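Structural characterization, general
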Amino acid sequence: MKIIELKETITASNDRDAAVLRAELKEKGTLLVNLMASPGAGKTTLLERTIRDLKDEMNIAVMEADVDSDVDAVRIEKIGAKAVQAHTDGMCHMDAGMTRRALEGLGDEPFDLVVLENVGNLICPAEFDTGAGKCVMLLSVPEGDDKPLKYPLMFSVSDVLIITKTDVAPYFDFDFDACIARAKKLNPNITIFKVSAKTGEGFEEWEAWLKSAVKNWKN
Amino acid sequence: MHEMGIILHLAKTLEETAEQEQIKKITRVTLEVGEVSGILTDYFTDCWNYFRRKHPVLESAELDLQTLPAVTFCGNCEKTYPTVQYGRTCPYCGSGETWLLKGNECIIKEIEVED
């Protein structure tokens, strides 16, 4: 018998796959955004409006990750962006290997921006690096301002937090200042936007950030 | 579901190590699992016992899970305290300005292999 010390994180194989994928995408000039949120936070609705606003300026594709069905991919294709449906076969998150296979499903066309709409879940997607260049999370007003306290890892790994459905804020006791303070405490570098896909509030700022992220990825 | 996803990666990491080090059989895998890592150890072991049978190099590998205690630091009074017992509120000064120091990790500490 022989003992070998490893001292590796349990997901080390995924971290390595993700790093390789990220380097390949950097080489191609394709920014992969990992979009994460609870079910019903408004991921697909945010994407619909964003794609409509930006599709003449950049080539965008979406990978929809769901446990089952293709309703989200159908919604995205209606707006005129390329979409593939990735089924996770019951798994609660996407990892780097699944992301690579979904990217292959998009074909050889060069894309400036590929959005991975991850499985609706604030826990496991935060633990698995997909190879994305940027991680963006949504928190909708009806979910409450205490989410950063309950799901700290998601807020820690995200580059951007978008608070969605601001148009319904008058009906909920959502404390924006408290929510932002909680998120910043976990992650001082997080960029925060407040948007409503219904009224268009905040989309100019979010889209300006996205355009500059796509541009910077190509350098 | 979550445990199975982690097992898949654990198996892949171990198989890569076995190939590099030319190991034929792993007989024990020791993991350090933080108290607040979110891993359910019973379910995790069940998943492992199902999964290892499919991989010749892993099939005789027993899983040894060692729990690492979670510790939280209070930014107000600068003391540390056990996370599981007291949660986010410091038991010494009542402050909520607290940060988890350790306890959410999951590390492959070592493996035992046949010579």
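Up top is the structure.
Described below are features of the structure shown in this document. (Residues numbered from 1 in each chain as written. Chains lettered and ligands numbered in written order. Predicted model: local features only at pLDDT ≥ 70, side-chain atom pairs only at ≥ 80, totals over all residues. Heavy atoms only, no water.)

1. Comments concerning the nonpolar core
Counting residues in each nonpolar core, the largest one holds 32 residues, and the members touching the most others are Ile51, Leu113, Val136, Ile162, Trp206 and Trp209 of chain A. The element best represented in this core is helix α8 (residues 203–217) of chain A, accounting for seven residues. Setting aside residues up to four positions removed in sequence, Leu113 of chain A forms contacts with Leu31, Val33, Met58, Asn59, Ile60, Ala61, Leu210 and Val214 of chain A. Residues Ile26, Trp48, Leu58 and Ile108 of chain B belong to the second largest nonpolar core, which totals 29 residues. (Core = buried A, V, L, I, M, F, W, Y, C linked by side-chain atoms within 4.5 Å. Buried < 20%, exposed > 50% of the residue type's maximum accessible area, 1.4 Å probe, protein only. Helix = DSSP H or I, 4+ residues; strand = E, 2+ residues; numbered from the N terminus. Contact = heavy atoms within 4.5 Å.)

2. Section: α8 of chain A
All names here are of chain A. Given a rise of 1.5 Å per residue, 15 residues ought to cover 21 Å, and the 21 Å separating the end C-alpha atoms of α8 matches this to within 8%. Along α8, the residues classified as buried are Phe203, Trp206, Glu207, Trp209, Leu210, Ala213, Val214 and Trp217. Buried residues of α8, viewed axially, fall in a sector of 155 degrees; they line one side. What points out from α8, more than 90 degrees from its buried face, is the exposed set Glu204 and Lys215. (Expected span 1.5 Å × (residues − 1). Arc of directions from axis to C-beta.)

3. So, the side chain of Thr17 of chain B
Along the chain, Thr17 of chain B falls in helix α1 (residues 2–20). Contacts of Thr17 of chain B, omitting those with residues within four sequence positions, involve Leu6 and Glu8 of chain A together with Ile23 and Ile111 of chain B.

4. Some words on the packing of helix α1 (residues 12–28) of chain A against helix α4 (residues 96–104) of chain A
One way to put it is that α1 of chain A packs onto α4 of chain A with a least axis distance of 8 Å and a crossing angle of 35 degrees. In this structure, α1 of chain A uses Asn14, Asp17, Ala18, Val20, Leu21, Glu24 and Leu25 of chain A to contact α4 of chain A, whose residues at the interface are Ala96, Gly97, Thr99, Arg100 and Leu103 of chain A. (Axes fitted to C-alpha atoms, helices over the stretch in contact; angles between N-to-C directions.)

5. Things to note about the interface of chain A and chain B
The interface of chain A with chain B comprises 27 residues on the first partner and 33 residues on the second. The largest contributions to the chain A side of the interface with chain B come from Met1, Ile10 and Lys185 of chain A, which together make up 27% of the buried area. Remark: the boundary between chain A and chain B carries four salt bridges. Arg16 of chain A serves as the salt-bridge partner of Glu16 of chain B, at 2.7 Å between the closest nitrogen and oxygen. Linking chain A with chain B are 14 residue pairs in polar contact (both at pLDDT 80 or more), by the criterion used here. When contributions to the side of chain A that touches chain B are tallied by element, the ones reaching two or more residues are β1 (2–9) and α1 of chain A. (Buried area = accessible area lost by both parts, 1.4 Å probe. Salt bridge = Lys/Arg side-chain N within 4 Å of Asp/Glu carboxyl O. Polar contact = N/O pair within 3.5 Å; in protein donor to acceptor, adjacent residues only side chain to side chain.)

6. Things to note about the sheet that holds strand β3 (residues 71–74) of chain B
All names here are of chain B. Pairing within the open sheet is antiparallel, and its three strands lie in the order β4-β3-β5. Whereas interior strands pair on both sides, the edge strands pair on one side only; in this sheet they are β4 (80–82) and β5 (98–102). Averaged over all neighbouring strand pairs, the angle between strand axes comes to 35 degrees, with direction disregarded. Across four bridges, the pairing between β3 and β5 is antiparallel. When the bridges of β5 are listed, Val71 appears paired with Lys102. (Pairing = 2+ DSSP bridges.)

7. Focus: the pairing of β3 of chain B
All names here are of chain B. Here β3 shows one buried face, formed by Thr72 and Cys74, and one open face, formed by Val71 and Phe73. As defined by bridge partners, β3 adjoins β4 across three bridges and the pair is classed as antiparallel. Across the sheet, Val71 pairs through a bridge with Pro82, a residue of β4. Counting the residues that bridge the hairpin from β3 to β4 gives five residues, and of these Glu78 lies at a positive phi of roughly 60 degrees.

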